[in-house]
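Okay, here's what each chain looks like letter by letter:
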Amino acid sequence: MALPPKTDEAFLREVDEELRRDQLAGFWTTWGKWVALGVVAALVALAGFLYYQHRTETQAGVEGEQLQAAYDALAADRVAEANTTLTKLAASDRAGYSALARFTEADILLQKEDMKGAAAKLAAIAADTSVAKPFRDLALVRQTLAEYDTLKPQVVVERLRPLAVTGNPWLGSAGEMVAVAYVRMNQTKQAGTLFGQIAADPGVPETIRQRAVQMAGVLGVDAVASTGTTGAAAAAASTEDTNAQ
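Rules and cut-offs
Residues numbered from 1 in each chain as written. Predicted model: local features only at pLDDT ≥ 70, side-chain atom pairs only at ≥ 80, totals over all residues. Heavy atoms only, no water. Helix = DSSP H or I, 4+ residues; strand = E, 2+ residues; numbered from the N terminus. Buried < 20%, exposed > 50% of the residue type's maximum accessible area, 1.4 Å probe, protein only. Contact = heavy atoms within 4.5 Å. Expected span 1.5 Å × (residues − 1). Phe/Tyr/Trp six-rings, centres within 6.5 Å; stacked < 30°, edge-to-face > 60°. Arc of directions from axis to C-beta. pLDDT = per-residue confidence, 0-100. Salt bridge = Lys/Arg side-chain N within 4 Å of Asp/Glu carboxyl O. Polar contact = N/O pair within 3.5 Å; in protein donor to acceptor, adjacent residues only side chain to side chain.

Trainee: Hey, could you run me through the overall build of the protein in this one?
Mentor: Helix and strand content of the protein: ten helices and zero strands. Counting from the amino terminus, helix and strand elements in the protein follow one another as α-α-α-α-α-α-α-α-α-α. Within the protein, the proportion of its 245 residues that are buried is 31%. Across the protein, contacts joining residues at least 24 apart in sequence account for 43% of those joining residues at least 6 apart.

And the structure:
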């Protein structure tokens, strides 16, 4: 005897639902343990990341306080105390704090006129690729300045020439040392041109630009017209040029 249409549809729907329940039960029987383990692993990883982030931020705050304490100790002339703290921070795996600590150690050595020791500290920063490039460039400039009198002019030129270009933030300091090295090598044309570039770059500090104007004039390059130097500064530069000639 045939089932009525509505009863037939209900029967088929019931069979379909039962089949789905069996499939779902089979999936969880086969894979349920692994899915659960995956969820637990994801939660553990998330918890670990959050803990690491919190620990990193906390430790960074601690090291910031330690660095400030070292500065305070230096201000109070407690150099030994400051050095102890700076030594620990210099070994930090946070490149920023490590670099600042090593820069400060170099400053202390410079105040003691230990140029060799200071240059070694600065050279280590300049060679440390974990440190941001602006800090590495600064370290290279300061290293060269610390050992300038002991370097051959060609070494100075080769070391700092990449920084002694128009638009580079270290053009003033690096360019001045390179230009003087050119003078020592009797390459006065290159020196005059570089002094002119320094004088014309508005990003260079005014005191360095004024010196560059004077040196360019001595070397036969009129740098006054190409700079923003006016009034008394320009007059002083022109007077110096005349007296030097």
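Trainee: Is there a simple way to explain helix α9 (residues 206-218) in this structure?
Mentor: Two residues of an α-helix separated by three or four positions point the same way, owing to the 3.6 residues in each turn. Over its 13 residues, α9 extends 19 Å from the first C-alpha to the last, a length consistent with the 18 Å expected when each residue adds 1.5 Å. For α9, the complete set of buried residues consists of I208, R209, A212, V213, A216 and G217. Phi turns positive one or two residues past the end of α9, at G220, with a value near 90 degrees.

Trainee: Sorry if this is basic, but what is going on with unusual backbone geometry here?
Mentor: In most cases, non-glycine residues show a negative phi, while peptide bonds are predominantly trans. Even without being glycine, E113 reaches a positive phi, approximately 60 degrees. Counting through the fold element by element, E113 comes out in the loop between α3 (95-111) and α4 (115-126). Looking at E113, the relative accessible area reads 65%, which means it is exposed. One non-glycine residue, N186, lies in the positive phi region at around 60 degrees. In this structure, N186 sits in the loop between α7 (171-184) and α8 (188-200).

Trainee: Where do I start with the packing of aromatic side chains in this structure?
Mentor: We describe a pair of aromatic rings using the distance from one ring centre to the other and the angle between the two ring planes. Summed over all chains, the structure comprises one aromatic pair. An angle of 50 degrees between the planes, with centres 6.5 Å apart, marks the rings of F103 and F135 as tilted. In this pair, F103 is assigned in helix α3 and F135 in helix α5 (residues 133-146), connecting sequence segments 32 residues apart. You can call F103 buried: its relative accessible area is 7%.

Trainee: Could you clarify how one ought to interpret helix α6 (residues 153-160) in this entry?
Mentor: Within α6, burial applies to P153, V156, V157 and L160. The arc that holds the buried residues of α6, viewed along the axis, is 95 degrees, so those residues lie on one side. Buried positions along α6 lie against α5 and α7.

Trainee: Help me understand the confidence of the model for the protein, please; the structure alone is not making it clear to me.
Mentor: Segments scoring low in pLDDT should not have their predicted coordinates read at a detailed level. Mean pLDDT over the protein works out to 78, with 67% of the residues at or above the 70 mark. Element-level mean pLDDT values for the protein span from 41 in helix α10 (residues 231-244) up to 96 in α6. Predicted confidence for residues 229-245 stays below pLDDT 50, and this span has 15 contacts to residues more than four positions away or in other chains.

Trainee: It is not clear to me how the pattern of salt bridges should be interpreted in this structure. Could you clarify?
Mentor: Opposite charge on two side chains makes pairing possible when the charged atoms of those side chains draw close. The full count for this structure, using the stated rule, is ten salt bridges. The closest approach of N and O atoms between D137 and K133, which form a salt bridge, is 2.9 Å. Placement of the pair is D137 and K133 together in helix α5, with a separation of four residues, close to one helical turn. Among the charged side chains, a salt-bridge network with shared partners connects E63, D93 and R94.

Trainee: Just to check I follow, could you spell out the side chain of E147 for this structure?
Mentor: Examined against the element boundaries, E147 turns out to sit in the loop between α5 and α6. Given the relative accessible area of 18%, E147 is considered buried. Within the structure, E147 has its side chain in polar contact with the side chain of Q143 (distance 3.0 Å). When residues no more than four places from it in sequence are discounted, the contact partners of E147 are A119 and R159.

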